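Spelled out from the first residue to the last, the chains are:
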Amino acid sequence: MSENNSFVRKEMISERIPPAADRGLLKWVRENLFSSAFNTIMTFISLWVIYSITIAVTPWFLNGVWDAKTVRECYDLLDGKSGACFAVLKERFPQLIYGFKYPSSEYWRPNIATVLLIVALAPILFRRLPRQLLIFTAVYPFLAFWLIWGGSILTSVSAFLGCAIAVICYRRFSSRSFAIAVLISLIAANVWWIIGGYIVDLNASFLSLKVVASRDMGGFMLNLLLGTIAVCLSIPLGIALALGRQSGMPIIKWICVVFIEFIRGVPLITLLFVANVILAFFFPPDTSIDLILRVLIMMTFFNAAYIAEVVRGGLAALSKGQYEAADSIGLDYTQSMRFIILPQALKISIPGIVNVSVGMLKDTTLVSIISMFDLVGMIRGPILSSTDWNGVYWELFGAAAAIFFVVCFSVSKYSQWLERQLETGKR
Amino acid sequence: MAEKLKLEVSDEVAIKIQSMNKWFGSFHVLRDIDLTVNRGERIVVCGPSGSGKSTLIRCINALEEHQTGQIIVDGTELTSDIKNIDRIRSEVGMCFQHFNLFPHLSILENCTLAPIWVRKIPKKEAEETAMHFLEKVKIPEQAEKYPGQLSGGQQQRVAIARSLCMRPRIMLFDEPTSALDPEMIKEVLDTMIELAEDGMTMICVTHEMGFARQVANRVIFMDDGQIVEQNEPEQFFNNPQSDRTKLFLSQILGH
C-alpha cells in the first residue's frame, strides 16, 4: 500500500453542535419559507392573501349581532355596516340541535344520552381505561333508546335480557358446534322477547317517559344518532363481509361479493329513497317499520360495504407468513383471526375506516332530501323559509359546517393518536 | 467445526411418509416421496432451489396439502379432517426463513398465545414456561420488547422459543438461517444444536453443511421433487454416489 493511502486516527472526534443557521427556528424558516426565489415570492403572496381575508372577514364577525328577533331587526341594528346576523343561531338553537317537534320539556333526555354516549365509548376508544366500563357500554344502547324515544323502561330491559340470554346460550353451546349455538341462542332470545312483550304490555306505564315518535326527531341530534349507530354497526358487519369475501366456502363468498358490489354500485341517496318509499311496498299494508330504522339499515349496509373493502385491503397487506405462523402453532381459524390477523389488518385499515366513517357522518345530512329534518334539513326548511330569517345563509350554513368540522376533525385526530399508540416498531 | 454429536436414535417411528405426491396446478413438485423418521433423528434436507425441500416439510404440518399417498405424524394420519390437522400442528413446531413473529405482540405474548388458547394452560404457568424457553435461547431480557426491536438472529431464536412453548415432539426448520447476517447465523445454529442434544426430533432444510456434518444423523438430497440420495453425513459428503449429488456438492463446497 502506498504512503498516501495509509492513515491511522490518533484521537476520536467528539460530537459538536451544528452551525447557527442550521438550528431551531431560523433553520425552519429558511427551509420552509425562503428556500428558493420562487418560494420566497410564494411566501409573500400567501401572507398578502391571508392578510386580505382577515381584513375582510374580521369586521363581519366583530360586528355580528347576537340579539335580534328577526333578520330585519338585525339589519336595523347593523345600520348599513357589514356584519353577521348570529342572532338566528341563538334564537333557533333548540331547533338546530333537536329539530322543531321534539318536546322542549324533554330536551334533558337527549342531553343525558349524549353525555352517557361519551362514557360508553370511552373504554372502546381508550384501552387504558378499566375493562369493567365495558359493561356499561353493553347496557348503553338500550338505555339510550329509552331516553331518546321514551316509553316504559321495561321495553329496553326486556330487549337487553333477550340479548343477554342469547349470549349466555351461545357461550354454553359454542364448544359443541357454532351452528347449533347460534340457532339455540336465536330461538332462546326470540322466545324471551315474545314473553317479555306480554309483560311489557301489561306494565306499559312502569317508569315511563313521554313517547317521542321517530318523525319528531331532528336537528343535529338526528345526524349524531344516525351517524353513531350506522358507524358502530357497520364496522363489525364490514369486517364480517371482508372475512366472508376471503372465505373458502363458495356460497358465503358469493353472498358477500354480491352484497358488497351491489351496495357499492348504488348511490347512497338512491338507497335512502328505497328506504323511504319503495321498502313500504314490500311490507304488508298495515305494518310500518320505523323510518329511522329503515334509513339506519341502508346507511349501515352502505358503510359496511365500503369498510369491507378497506379491511380486505388490510388483510391482503399482511404477509402469508403471518397466516402460516398462526396455523403452525396450532391456532384454529377463529383464534388466528382474533389474535393474529385482525389486530394487524385493522391497524393497517384505520385510516381507511376513519375516512369512510367520517364520510358517513357527513352523509347523514342527505336525509334532508327524503324530508327528514336533520341539521341541514332544519336550515333549508323551517328556518330559511320562515319570513323571520329569510336569506341568512352564511351564518346558518357556516355554523353547520363548524359543528361538523369539530366532530369530524376530532375523529380524525383520535385515529392518528390511535395509530401512534399501536405502533410497535418496524416489522 | 466442533465435534460430531453422538446421540441415540430410538426405533419408534415419528413420521412416516409413503408414496406421497403433490402438484401445484399441473406442476409436479413432489414425486413418490417415501421417508420414515424415527424419534430422536436429526435430518438435514438439502438441494437446489425449487427442488421441493420446503414443500416437503410444509406438507408434514399441513401448511401444504398433499394429493396422493400417506403422511402419518405421531400415529395420526394427515387427512383433510381439520381436527387432525390442528392436533398435528400443535405437536409439530415450525420455524420459518423469515421468522414470522407476530409484530403486534410482545416477545412474551408471542410465546404464550398458543399455550394459553390451544393448550388451555393458565396464563401464569404459560408465562413461566415461556421465560424458561427464552432463557434457553438466551434472550430472557427481551421478553417485554416487540419483534421489530430485535435483531434477525434474536427474532429467529424467539421463533424457536415460541415453537418450543407448545412442547412439540418434532421440530421442522425451513431455512432458518438463510435470511440472517453471517454474524447471527452462529447464534441460531448453536440454539439448534442444543435442541438436538436434548433429543428433539428435527427435520431441517438448510444449506449449512457444517451444521449437517456436526448434528445430522442423516442427510437427504432432493432434486426435481424427488429424494435423490440419502446417507449418513460422513458418507454423503465424502463419498456421494449420484452424479447430481456430486455436482451439487461441488458447487456449494467448491469455494
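As the structure is a computational prediction, the values presented were derived from the model and not from experiment. (Residues numbered from 1 in each chain as written. Chains lettered and ligands numbered in written order. Predicted model: local features only at pLDDT ≥ 70, side-chain atom pairs only at ≥ 80, totals over all residues. Heavy atoms only, no water.)

S.K.: Which parts of the structure should I look at to understand the nonpolar core?
M.R.: A general tendency of soluble globular proteins is for nonpolar side chains to be buried together. Ranked by internal contacts, the top residues of the largest apolar core, which has 122 residues, are Met217, Ile292, Ile340, Val367 and Leu396 of chain A together with Ile17 of chain B. When near neighbours in sequence (up to four residues on either side) are disregarded, methionine 217 of chain A contacts Tyr98, Tyr102, Ile148, Trp149, Val212, Leu222, Ile292 and Phe373 of chain A. Within the second largest apolar cluster, 46 residues are counted, among which are Leu164, Leu180, Leu189 and Ala196 of chain B. (Core = buried A, V, L, I, M, F, W, Y, C linked by side-chain atoms within 4.5 Å. Buried < 20%, exposed > 50% of the residue type's maximum accessible area, 1.4 Å probe, protein only. Contact = heavy atoms within 4.5 Å.)

S.K.: Can you help me understand the packing of helix α11 (residues 250-264) of chain A against helix α13 (residues 291-317) of chain A in this one?
M.R.: Helix-helix packing: each pair is described by the crossing angle between the helix axes and the interaxial distance. All names here are of chain A. Look at α11 against α13: their axes get within 9 Å of each other, and the N-to-C directions meet at 115°. When the axes of α11 and α13 are compared, the pair comes out roughly perpendicular. Considering the relative orientation of α11 and α13, their crossing is left-handed. Between α11 and α13, the contacting residues are Phe259, Ile260, Ile263 and Arg264 on the first element and Phe301, Phe302, Ala305, Tyr306, Ala308 and Glu309 on the second. Along the lines of polarity and charge, the residues of the contact of α11 with α13 split into 8 nonpolar, no polar and 2 charged. (Axes fitted to C-alpha atoms, helices over the stretch in contact; angles between N-to-C directions. Helix = DSSP H or I, 4+ residues; strand = E, 2+ residues; numbered from the N terminus. Parallel < 35°, antiparallel > 145°, perpendicular 65-115°, else oblique. Left-handed = near helix turned anticlockwise from the far one by under 90°. Nonpolar A, V, L, I, M, F, W, Y, C, P; charged D, E, K, R; others polar.)

S.K.: What exactly am I supposed to notice about the sheet that holds strand β4 (residues 68-73) of chain B here?
M.R.: Picture the strands of a sheet paired through backbone hydrogen bonds; they go either parallel or antiparallel. Residue and element names in this part refer to chain B. In spatial order, the strands read β2-β1-β4-β5; together these 4 strands make up an open sheet with antiparallel pairing. Strands with a single pairing partner mark the edges of an open sheet, and in this sheet they are β2 (27-38) and β5 (76-77). In the sheet, strand β1 (residues 13-24) pairs with β2 via 8 bridges, with the strands oriented antiparallel. When the sheet's bridge partners are listed, valine 13 is paired in β2 with asparagine 38. (Pairing = 2+ DSSP bridges.)

S.K.: When you look at the packing of aromatic side chains in this model, what are you seeing that I'm missing?
M.R.: What characterises a pair of aromatic rings is the spacing of the ring centres plus the angle enclosed by the ring planes. Scanning the entire structure with this criterion turns up 20 aromatic pairs over all chains. Residues phenylalanine 339 of chain A and tryptophan 117 of chain B carry aromatic rings whose centres are separated by 4.6 Å and whose planes lie at 40° to one another, so their mutual orientation is tilted. Note that phenylalanine 339 of chain A is positioned in helix α15 (residues 333-363) and tryptophan 117 of chain B in helix α3 (residues 107-117), a pairing that runs across two chains. The class for phenylalanine 339 of chain A is buried, based on a relative accessible area of 14%. A residue is classified by how much of its surface remains accessible, and tryptophan 117 of chain B, at 31% relative accessible area, is partly exposed. An aromatic cluster is present here, built from Trp60, Phe61, Trp66 and Phe86 of chain A joined pairwise through their rings. Lying over the aromatic face of phenylalanine 102 of chain B, arginine 162 of chain B brings its terminal NZ or CZ to 4.5 Å of the ring centre. (Phe/Tyr/Trp six-rings, centres within 6.5 Å; stacked < 30°, edge-to-face > 60°. Lys NZ or Arg CZ within 6 Å of the ring centre and 35° of its normal.)

S.K.: Before we go on, may I ask you to explain the environment of leucine 62 of chain A in this structure?
M.R.: Residues and elements named next belong to chain A. In this fold, leucine 62 is placed in helix α2 (residues 37-62). Looking at leucine 62, the relative accessible area reads 68%, which means it is exposed. In this structure, the C-alpha to C-alpha distance between leucine 62 and alanine 84, residues 22 residues apart in sequence, is 8.3 Å.

S.K.: Can you help me understand the confidence of the model for chain A in this one?
M.R.: Atom-level detail of predicted coordinates should not be read off regions where pLDDT is low. The predicted model of chain A averages 86 in pLDDT, with 98% of residues at 70 or higher. Ranking the helices and strands of chain A by mean pLDDT puts α11 of chain A first, with 93, and strand β2 (residues 208-209) of chain A last, with 78. (pLDDT = per-residue confidence, 0-100.)

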